[in-house]
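Observations on chain architecture
Residues per chain, in single letters:
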Amino acid sequence: MDVKQVHEDFKKMNKRQVYYQILSFGMIVSSTLMIWKGLMVVTGSESPIVVNISGSMEPAFHRGDLLFLTNQEEQVRVGEILAFKIEGRDIPSVHRVIEVHERENGTAIFLTKGDNNNVNDRGLYAPGQVWIQRGDVIGRVKGFLPFVGMVTILMNEYPQFKYTVLAGLGVYVLLDREKY
Amino acid sequence: MNCISKVQTVAFVIVALCFLQTLAEPNPVNVHINPVVANIYPQEYSEFDLGVLNLDLKTDLKPLFNWNVKQLYVYLTAEYHTKHNILNQVVLCDKIIKNRDEAKLDLKGLTVWFGDKENELRGNENIVLTLSWNLVPNIGFLPRYSGTGAKVINFPFNYKVATKLQDRRIIGKIKQYYNNGILQRLEESEGD
């Protein structure tokens, strides 16, 4: 759409069209929220889609890969990749389980290690912590999509980029018209 | 705007096909793990007995590679029971295989080790050794499979004492690796 047309459209906008645009925007926001919350329920994970930030799982996952998590009840086994929280760190870690010790009552403890590290994660755990528990686990990585999450990382590291993207989205939403 | 939605649809279909592809179960792969020599060593300055295994491992993972396989994370697991835990699993060594050419494994004299957090390896029986792999696709799910041909071993009750100088050196290195949390790579060890 060329600038002159946009300018004319803008002048022609009346109240009803403005309300319509606001409603459309509200629809987009609420359906996105519904999908996200629905995913949380279906997968059982508080964060069903995450972006991989660290390089400690290379060459399997690189920075910017999108990871899909579930958190079903079934017991954790070695070889699985867990996304888990460590006390004192706000970013969750995504590493592989290399040890499992399970009691008869079902409680279990795990040891993890990044594929790209030689040593296990005990150096990363909180002081005094030797194992990970089921309660620390945000989800288990079941699938992935490379590169797609790079946008999120760029937005976090370059705030100007984030504002530009948000501004661009805002302009698009306000001015996009259903062509009747 | 129309061409953007067309590209989006095509991309979505391609991604969905990749995910579907990773649901396809591959044919079973035979793994040979034998012979295995299992020994228990005491540690002077640590509470954990060290179980050390010396084994030959042979398998061919080439058939698993297809257009949607980025790599195989291959790992050897020891699974055992103790008084405290109904299930213990320990990864003894691992390897990342990125293409078909590296996918044939024929290792002799691989040395691996582990300790039990309740120190119940001495005399522990029916420890199952399995070779497994996590298939990492270019796009898709991340399934895990195990090879057929798991091997069952027992640890003796009596400690082995390393008498020869070379054995003492090897055991010393193993203790260092174990206490530092280093995981052995699934490959021929150098200079034994």
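So, here is what we can say about the structure in this document. (Residues numbered from 1 in each chain as written. Chains lettered and ligands numbered in written order. Predicted model: local features only at pLDDT ≥ 70, side-chain atom pairs only at ≥ 80, totals over all residues. Heavy atoms only, no water.)

Considerations on the sheet that holds strand E1 (residues 31-41) of chain B
All names here are of chain B. Pairing within the open sheet is antiparallel, and its 3 strands lie in the order E1-E2-E5. In this open sheet, the two strands that pair with only one neighbour each are E1 and strand E5 (104-114). Ignoring strand direction, the axes of neighbouring strands in this sheet form an average angle of 10 degrees. Note: E1 against strand E2 (residues 50-60), 9 bridges, orientation antiparallel. Looking at E2, one finds that Val36 is bridged to Leu55. (Pairing = 2+ DSSP bridges. Helix = DSSP H or I, 4+ residues; strand = E, 2+ residues; numbered from the N terminus. Axes fitted to C-alpha atoms, helices over the stretch in contact; angles between N-to-C directions.)

Overview of the pattern of salt bridges
Tallied over the full model, the rule gives 11 salt bridges over all chains. Between A:Arg140 and A:Glu80 there is a salt bridge, and its shortest N-O distance comes to 2.8 Å. With A:Arg140 in strand E7 (residues 137-145) and A:Glu80 in the loop between strand E2 (66-70) and strand E3 (81-84), the pair connects residues that are 60 residues apart, well separated along the chain. Classification of A:Glu80 by relative accessible area gives buried; the value is 5%. Here B:Arg144 makes a salt bridge to A:Glu80, at a shortest N to O gap of 3.6 Å. You can see B:Arg144 sitting in strand E8 (residues 144-146) and its partner A:Glu80 sitting in the loop between E2 and E3, one on each of two chains. Residue B:Arg144 is classed as partly exposed on the basis of its relative accessible area of 33%. Here the residues in one salt-bridge network are A:Glu80, A:Arg140 and B:Arg144, joined through shared partners. (Salt bridge = Lys/Arg side-chain N within 4 Å of Asp/Glu carboxyl O. Buried < 20%, exposed > 50% of the residue type's maximum accessible area, 1.4 Å probe, protein only.)

Comments concerning the interface of chain A and chain B
Facing the 35 residues of chain A at the interface are 37 residues of chain B. Approximately 2,900 Å² of surface area, both sides summed, lies buried where chain A meets chain B, with 58% of it carried by carbon and sulfur atoms. Together, A:Val78, A:His101 and A:Phe144 form the three largest contributors to the area buried by chain A at its contact with chain B, with a combined 18%. Taken together, chain A and chain B are joined by 3 salt bridges. For the interface between chain A and chain B, the tally reads 15 residue pairs in polar contact (both at pLDDT 80 or more). Top element by residues in the side of chain A that touches chain B is strand E4 (residues 93-102) of chain A. It accounts for 7 residues. (Contact = heavy atoms within 4.5 Å. Buried area = accessible area lost by both parts, 1.4 Å probe. Polar contact = N/O pair within 3.5 Å; in protein donor to acceptor, adjacent residues only side chain to side chain.)

Here's the deal with the environment of B:Ala11
All names here are of chain B. Mapped onto the elements of the fold, Ala11 is located in helix H1 (residues 2-21). Overall, Ala11 belongs to the partly exposed group, its relative accessible area being 39%. Along the sequence, Ala11 and Arg168 sit 157 residues apart, while their C-alpha atoms lie 58 Å from each other.

Regarding a nonpolar patch on the surface
All names here are of chain B. A grouping of Phe12, Val13, Leu17, Leu20, Leu23 and Phe141 is seen on the molecular surface, where their side chains present a nonpolar patch of about 610 Å² in accessible area. Broken down by element, the nonpolar patch gets its largest block of residues, 4 residues, from H1. Relative to the assigned elements, Val13 resides in helix H1. (Patch = residues over 30% accessible without salt bridge, like charges linked within 9 Å, V, L, I, M, F, W, Y side chains within 5 Å. Areas by Shrake-Rupley, 256 points an atom, 1.4 Å probe, with all protein chains shown as cover.)

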